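# Report on the structure
Now for the letters of each chain:
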Amino acid sequence: MAGLSNLKQCPPFSALADPSFRPNYTTELSSYPRIHLKSELHNSSAQRFYRGQGFVPVNEGVLKRIIRTFFEGGFWESLAETRSETTREQAPWLGRTGDYISQLLGIATTLKLKVFPHAQDVSADRIAEFVETRDWTDSDVRFMAWNCHIFKLAVAGIDDVVRIYTKNTNAATTVLKSATQTQITCMAWRPLSATEIVIGCRQGLCFWVVDNTMILGRTNAPSQTFKHPANLPITSMQWNKEGNLLVTASIGDRSIIIWQPDSARMEALKRLGPPGSLLKWSPGNDWLFAGTVDRVFRVWNCHNHWSTERWTVGNVGHVQSACWSPCGRFLLFVSTTEPILYRLQFVRQTMLKSTKDEKEVLPIADLNACSTDENKSLIGGPVQQLAWDPRGNYVVITFKSTNHISIFRTFITKYDLQISAAFYLSGETAAEYPSFVCFQPLYKDDDQTVLTIAWSSGRIQYYAFD
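Given the structure is predicted, the values throughout are model-derived calculations rather than measurements.

## Describing the overall build of the protein chain
- Assigned secondary structure in the protein chain consists of six helices and 34 strands.
- Burial analysis of the protein chain (466 residues in total) assigns 51% to the buried set.
- Put simply, the protein chain shows about 21,800 Å² of open surface, and 52% of that area lies on carbon and sulfur atoms.

If you want it as structure tokens, here you go:
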């Protein structure tokens with residue numbers, strides 16, 4: 001197995017004349033936006049588009065306010081409004097009614113948890129336990145997503161605002177904000193589209209169309225909002241390559257929901273077992289990986305009536321992160337209990353007109369923590385996130401408790417995958433750690449592979465590979 005002990009260090013940030021970029025700097029990176037989200041979190045000069053910004057608040061009756069809250073935020077928000085101090089002052093009987101309903105629901109919830117222990121209340125801390133972003137609760141950057149076709153980078157912040165960055169540094173940053181968009185966990189640009197992005201959050205899915213017609217002062221809201229009452233909060237989602245199907249998972253629901261946004265239809269993939277936490281669609285749409293909050297994970301066959309194969313990781317824990325090779329023949333994943341990188345191989349062999357699939361799980365890298373330099377700083381341990389570059393040459397690994405980024409080289413053949421230690425990256429300071437990483441898609445065949453790193457300081461970094 002490959003290991004971390006052979007990793008070589010890249011020059012630290014403090015040794016660079018320009019700390020905004022890593023080694024392998026190219027002139028192309030000079031046109032990338034300089035982003036430091038911490039300084040932007042309270043910046044009011046950006047273009048903000050959110051629901052209801054053009055309306056003046058008015059006084060409304062108690063029932064009207066509760067009904068409005070129900071349609072805007074759902075049943076639980078309206079129940080909270082019913083039990084609020086304002087409602088108790090204006091209509092005490094409504095406040096008491098809300099208390100009785102809350103007590104009955106509490107009893108029902110207690111009984112439900114005895115039968116289904118995984119169906120507990122989904123707090124922010126519980127969301128942070130299963131998302132791929134490190135320290136999600138307090139991280140300035142909660143998610144990043146590149147557009148598949150043009151230079152657009154969406155960055156979701158802790159303030160529930162999504163900022164869209166382009167190469168045009170003179171243009172104002174487009175900002176997407178809505179009352180229905182809270183505790184963002186994931187985002188995805190729609191394939192075959194330059195303007196459509198969907199944002200997954202506690203209250204469901206927010207679909208936005210980002211174009212140049214947005215002007216300051218104009219009232220805007222998501223073009224569509226979808227939610228399934230059981231499939232909340234959204235903790236993972238993926239588009240298929242055609243952009244007509246969107247799958248979502250929630251740590252509060254056993255089902256995987258397949259949405260057809262254009263026809264406003266949905267279908268649920270149901271199986272007995274724990275709720276889902278992580279989804280990864282293979283590049284060719286042949287397989288759908290689905291992790292859960294327990295040791296069980298499944299791989300769905302998308303071309304065989306959504307048949308599924310069930311796998312487990314040890315006796316405890318769950319799959320923390322996973323990624324597909326660009327060819328779709330190999331899946332890498334890690335669990336929360338073992339610092340081991342595993343490979344699940346999907347090889348289709350045809351002999352004498354008979355076809356069979358051979359799948360096996362093999363450990364390919366030991367990620368146990370080890371010392372990296374003379375200062376005895378550690379790298380490795382429990383894994384936070386995996387990312388595989390679009391050409392299939394590098395796998396990037398971040399960790400839960402150590403602050404370096406490890407890079408492995410990968411060599412893919414038709415029936416085999418080999419991996420070897422390459423180097424590791426460090427932040428500007430010893431305390432800075434990566435919160436989230438992702439690769440920029442290749443817009444042209446000769447594009448360089450660029451890794452995008454969101455550091456704990458709120459700074460976003462670009463690293464270009466050879």
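Having seen it, we continue.
## So, the sheet that holds strand E34 (residues 460-464)
- If you trace the three strands from one edge of the open sheet to the other, you get E32-E33-E34, paired in antiparallel fashion. Sheet topology places strand E32 (434-439) and E34 at the edges, where each strand pairs with a single neighbour. Strand-to-strand twist in this sheet, taken as the mean axis angle between neighbours without regard to direction, amounts to 20°.
- Relative to E34, strand E33 (residues 450-455) runs antiparallel, the two sharing five bridges. Across the sheet, the residue bridging to Ala454 is Ile460, located in E34.

## Some words on a nonpolar patch on the surface
- There is a patch of nonpolar side chains on the surface, built from Leu63, Ile67, Phe70, Phe71, Phe75, Trp76 and Ile101 and spanning about 790 Å² of accessible area.
- Per-element accounting of the nonpolar patch gives the leading share, four residues, to helix H2 (residues 62-73).
- Summarising the element assignment, Ile67 is placed in helix H2.

## Here we look at the packing of aromatic side chains
- Enumeration according to the criterion identifies 22 aromatic pairs in this entry.
- Relative to Tyr462, the ring of Tyr32 lies with its centre 4.9 Å away and its plane at 70°, an arrangement referred to as edge-to-face. A residue pair is termed long-range when its members are at least 10 positions apart, and Tyr32 in the loop between strand E2 (8-9) and helix H1 (37-40) and Tyr462 in strand E34 qualify at 430 residues.
- Judged by its relative accessible area of 1%, Tyr462 falls in the buried class.
- Pairing Trp324 with Phe346 gives two aromatic rings, centres 5.2 Å apart and planes at 45°, and the pair type is tilted. Of this pair, Trp324 sits in strand E20 (residues 319-324) while Phe346 sits in the loop between strand E22 (340-345) and strand E23 (347-351), and the two are 22 residues apart along the sequence. Per residue, the accessibility class of Trp324 equals that of Phe346, and both read buried.
- Among the aromatic residues, ring-to-ring pairing joins Phe289, Phe297, Trp311, Phe333 and Tyr342 into one connected group.
- Taking NZ or CZ as reference, Arg134 lies 3.9 Å from the ring centre of Tyr433, over its face.
- One cation-aromatic arrangement involves Arg142 over Trp136; the distance from NZ or CZ to the ring centre is 3.9 Å.

## Section: the pattern of salt bridges
- Enumeration according to the criterion identifies 12 salt bridges in this entry.
- Residues Glu81 and Arg65 are paired through a salt bridge, measuring 2.6 Å at the closest nitrogen-oxygen approach. Here Glu81, found in helix H3 (residues 75-82), pairs with Arg65, found in helix H2; they are 16 residues apart in sequence, far enough to count as distant.
- Judged by its relative accessible area of 11%, Arg65 falls in the buried class.
- In this structure, Arg126 and Glu129 form a salt bridge, with 3.9 Å as the shortest nitrogen-oxygen distance. Within this pair, Arg126 and its partner Glu129 are both found in helix H6 (residues 124-130), separated by three residues, close to a single helical turn.
- Linked through salt bridges whose partners overlap, the residues forming this network are Arg83, Arg88 and Asp99.

## Structural notes on the pairing of strand E19 (residues 307-312)
- Here six bridges tie strand E18 (residues 296-301) to E19, and the two strands are oriented antiparallel to one another. Each residue of the ladder has a partner; that of Trp300, found in E19, is Thr308.
- Between the antiparallel neighbours E18 and E19 lie five residues, among them His305 with a positive phi of about 55°.

## Observations regarding the confidence of the model for the protein chain
- Confidence in the prediction for the protein chain averages 85 pLDDT; 85% of positions are at 70 or higher.
- Considering only residues more than four positions removed or in separate chains, one finds that residues 13-23, a stretch of pLDDT under 50, has 33 contacts.
- Under a pLDDT of 50 for its full length, residues 215-219 has, in the predicted model, 12 contacts with residues more than four places off or in other chains.

## Some remarks on the environment of Ala290
- In this structure, Ala290 sits in strand E17 (residues 287-292).
- Its relative accessible area of 7% is what places Ala290 among the buried residues.
- Every residue in contact with Ala290, bar those within four places of it in the chain, is listed here: Ile256, Leu278, Leu279, Phe297, Arg298 and Trp300.

## As for the sheet that holds strand E12 (residues 236-239)
- Across the sheet, four strands lie side by side as E12-E13-E14-E15; this open sheet has antiparallel pairing. The open sheet terminates on both sides in strands that have one partner only, identified here as E12 and strand E15 (265-269). Averaged over all pairs of adjacent strands, the angle between strand axes in this sheet comes to 20°, irrespective of strand direction.
- Bridge count between strand E13 (residues 246-249) and strand E14 (residues 256-260): three bridges; the pairing is antiparallel.

Conventions adopted
- Residues numbered from 1 in each chain as written.
- Predicted model: local features only at pLDDT ≥ 70, side-chain atom pairs only at ≥ 80, totals over all residues.
- Heavy atoms only, no water.
- Helix = DSSP H or I, 4+ residues; strand = E, 2+ residues; numbered from the N terminus.
- Buried < 20%, exposed > 50% of the residue type's maximum accessible area, 1.4 Å probe, protein only.
- Areas by Shrake-Rupley, 256 points an atom, 1.4 Å probe, with all protein chains shown as cover.
- Pairing = 2+ DSSP bridges.
- Axes fitted to C-alpha atoms, helices over the stretch in contact; angles between N-to-C directions.
- Patch = residues over 30% accessible without salt bridge, like charges linked within 9 Å, V, L, I, M, F, W, Y side chains within 5 Å.
- Salt bridge = Lys/Arg side-chain N within 4 Å of Asp/Glu carboxyl O.
- Phe/Tyr/Trp six-rings, centres within 6.5 Å; stacked < 30°, edge-to-face > 60°.
- Lys NZ or Arg CZ within 6 Å of the ring centre and 35° of its normal.
- pLDDT = per-residue confidence, 0-100.
- Contact = heavy atoms within 4.5 Å.

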